[in-house]
Amino acid sequence: MGKKLRPPGDIIYSIYRKLYSAFGPQNWWPGDTPFEIAVGAILTQNTNWTNVEKAIENLKRNNSLSARALHHIPRGELADLIRPAGYYNIKAGRLKSFIEFLTNNYKGSMENMGREDTGSLREKLLSVHGVGRETADSILLYALGRPVFVIDAYTMRILSRHGVIDHRESYDECQKLFHDSLKRDVPLFNEYHALFVRAGKTFCKRQNPACEKCPLNQL
């Protein structure tokens, strides 16, 4: 008889247990307020978190880390403040688009935005210039506490290398795997995504992965 395959849900939860056992809690996402977390989700596109922290600190020192301040600040000045995050002109435009969306629809309040249904809010976020699925879901999960699993490059890489998914699977297909396999639990989704990031940065690198040391090497 051939080897009996484990159900996908078992594999997904087994990965979580192994990563949590290896790394422990990650205390992610850094941020003092839901608004700061949302700004960070936009700034972290195509860069590392250390650079984002520098950009956010610049905004704080300039008293510009609020919807009102970012709404009124000239785009060029905003670009200079967030320069450490890279692609600063592009990201200044994306931040401005998000602030316009927040101001026009929710009076600049994350609390007001948080009152909207998750499905309709996700669709609205995806209509904002520069906000893709990963950014929208990061805002929903980390800033607003919604049980939406965030899929990123680390998640796709780790799962495809272990044969859990095909590397050509779409964001939505991969996300559905987690939503179908796990209970809709915000702390679990939060921790699991952060553990994928830790494992990807530490072991499952794009080039020269350290597979022999990875906690998932016997998966």
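Going by the structure above, here's the rest.
Below: a short report on this structure. Everything quoted here is computed from the prediction, not taken from an experiment. (Residues numbered from 1 in each chain as written. Predicted model: local features only at pLDDT ≥ 70, side-chain atom pairs only at ≥ 80, totals over all residues. Heavy atoms only, no water.)

1. Thoughts on helix H12 (residues 186-202)
Because each turn of an α-helix spans 3.6 residues, side chains separated by three or four positions in sequence point in the same direction.
Stage number 1. Over its 17 residues, H12 extends 24 Å from the first C-alpha to the last, a length consistent with the 24 Å expected when each residue adds 1.5 Å.
Stage number 2. In terms of burial, H12 is a largely internal element, twelve of the 17 residues being buried.
Stage number 3. Along H12, the residues classified as buried are Leu188, Phe189, Asn190, Glu191, Tyr192, His193, Ala194, Leu195, Phe196, Val197, Ala199 and Gly200.
Stage number 4. Where H12 starts, the residue carrying a side-chain oxygen 2.8 Å from the main-chain nitrogen of leucine 188 turns out to be aspartate 185. (Helix = DSSP H or I, 4+ residues; strand = E, 2+ residues; numbered from the N terminus. Expected span 1.5 Å × (residues − 1). Buried < 20%, exposed > 50% of the residue type's maximum accessible area, 1.4 Å probe, protein only. Polar contact = N/O pair within 3.5 Å; in protein donor to acceptor, adjacent residues only side chain to side chain.)

2. Things to note about the pattern of salt bridges
Opposite charge on two side chains permits them to pair, given that their charged atoms come into close proximity.
Stage number 1. With the rule as written, the count across this model stands at ten salt bridges.
Stage number 2. The residue arginine 83 makes a salt bridge to aspartate 80 at a minimum N-O spacing of 3.1 Å.
Stage number 3. A relative accessible area of 40% means that arginine 83 is categorised as partly exposed.
Stage number 4. Since its relative accessible area comes to 47%, aspartate 80 is described here as partly exposed.
Stage number 5. Two residues, lysine 176 and aspartate 180, come together in a salt bridge whose shortest N-O distance is 2.6 Å. Within this pair, lysine 176 and its partner aspartate 180 are both found in helix H11 (residues 171-181), separated by four residues, close to a single helical turn. Exposure class is identical for lysine 176 and aspartate 180. Each is exposed.
Stage number 6. What you see here is one network of salt bridges that share partners, running through Asp32, Glu36 and Lys60. (Salt bridge = Lys/Arg side-chain N within 4 Å of Asp/Glu carboxyl O.)

3. Overview of the environment of asparagine 217
Stage number 1. Among the secondary structure elements, asparagine 217 is positioned in the segment after H12.
Stage number 2. With 20 residues separating them in the primary sequence, asparagine 217 and valine 197 have C-alpha atoms 17 Å apart.
Stage number 3. Non-local contacts of asparagine 217, meaning those with residues more than four positions away in its chain, are made with Cys211 and Glu212. (Contact = heavy atoms within 4.5 Å.)

4. Thoughts on the packing of aromatic side chains
Aromatic ring pairs are defined here through the distance separating the ring centres and the angle between the ring planes.
Stage number 1. Applying the stated criterion across every chain, the model contains 16 aromatic pairs.
Stage number 2. Members of the aromatic cluster, each reached through a chain of ring pairs, are Tyr13, Tyr16, Tyr20, Phe149, Phe178, Phe189, Tyr192 and Phe196.
Stage number 3. The ring of tyrosine 88 carries the charged tip of arginine 83 above its face, separated from the ring centre by 4.2 Å. (Phe/Tyr/Trp six-rings, centres within 6.5 Å; stacked < 30°, edge-to-face > 60°. Lys NZ or Arg CZ within 6 Å of the ring centre and 35° of its normal.)

5. Comments concerning the layout of surface pockets
Stage number 1. Estimated volume of the largest pocket: approximately 850 Å³.
Stage number 2. As for the largest pocket, its lining consists of 28 residues, of which Thr44, Thr47, Glu134, Asp152 and Tyr154 are closest to the centre.
Stage number 3. Broken down by secondary-structure element, the contributors of at least two residues to the lining of the largest pocket are helix H9 (133-143), helix H10 (153-161) and H12.
Stage number 4. Residue contributions to the lining of the largest pocket peak at six residues, all from H12.
Stage number 5. Across the lining of the largest pocket, the residue classes tally to nine nonpolar, twelve polar and seven charged. (1 Å grid on protein atoms, 1.4 Å probe; cavity = no way out; pocket = protein on both sides within 12 Å on 5 of 7 lines; lining within 4 Å. Points joined across faces, edges and corners; volume = space filled by probe spheres on them. Nonpolar A, V, L, I, M, F, W, Y, C, P; charged D, E, K, R; others polar.)

6. As for the packing of helix H2 (residues 34-43) against H9
Each pair of packed helices can be summarised by the angle the axes make with each other and by the distance between the axes.
Stage number 1. One way to put it is that H2 packs onto H9 with a least axis distance of 9 Å and a crossing angle of 155°. By the angle class used here, H2 and H9 are roughly antiparallel. With respect to the hand of their crossing, H2 and H9 are arranged in right-handed fashion. Two secondary-structure elements touch here, H2 through Pro34, Ile37, Ala38, Ala41 and Ile42 and H9 through Thr135, Ser138, Ile139, Tyr142 and Ala143. (Axes fitted to C-alpha atoms, helices over the stretch in contact; angles between N-to-C directions. Parallel < 35°, antiparallel > 145°, perpendicular 65-115°, else oblique. Left-handed = near helix turned anticlockwise from the far one by under 90°.)

7. A closer look at the side chain of arginine 157
Stage number 1. Looking at where arginine 157 falls in the secondary structure, it is placed in helix H10.
Stage number 2. Although arginine 157 lies buried, it forms no salt bridge, and the closest oppositely charged side chain, aspartate 152, sits 8.3 Å away as judged by the N-O distance.
Stage number 3. Within the structure, the side chain of arginine 157 is placed 2.7 Å from the backbone oxygen of cysteine 204, a separation counted as a polar contact.
Stage number 4. Here arginine 157 is in contact with Gly200, Cys204, Lys205 and Arg206, once residues within four sequence places are set aside. (Lys, Arg positive; Asp, Glu negative; His and termini not counted.)

8. Quick notes on the state of the cysteines
Stage number 1. Within this structure, the stated rule accounts for zero disulfides.
Stage number 2. Cysteine 204 supplies the cysteine sulfur nearest to cysteine 211, a cysteine that is in no disulfide, at a spacing of 6.5 Å.
Stage number 3. By relative accessible area, which is 45% here, cysteine 211 ends up partly exposed. (Disulfide = S-S within 2.5 Å.)

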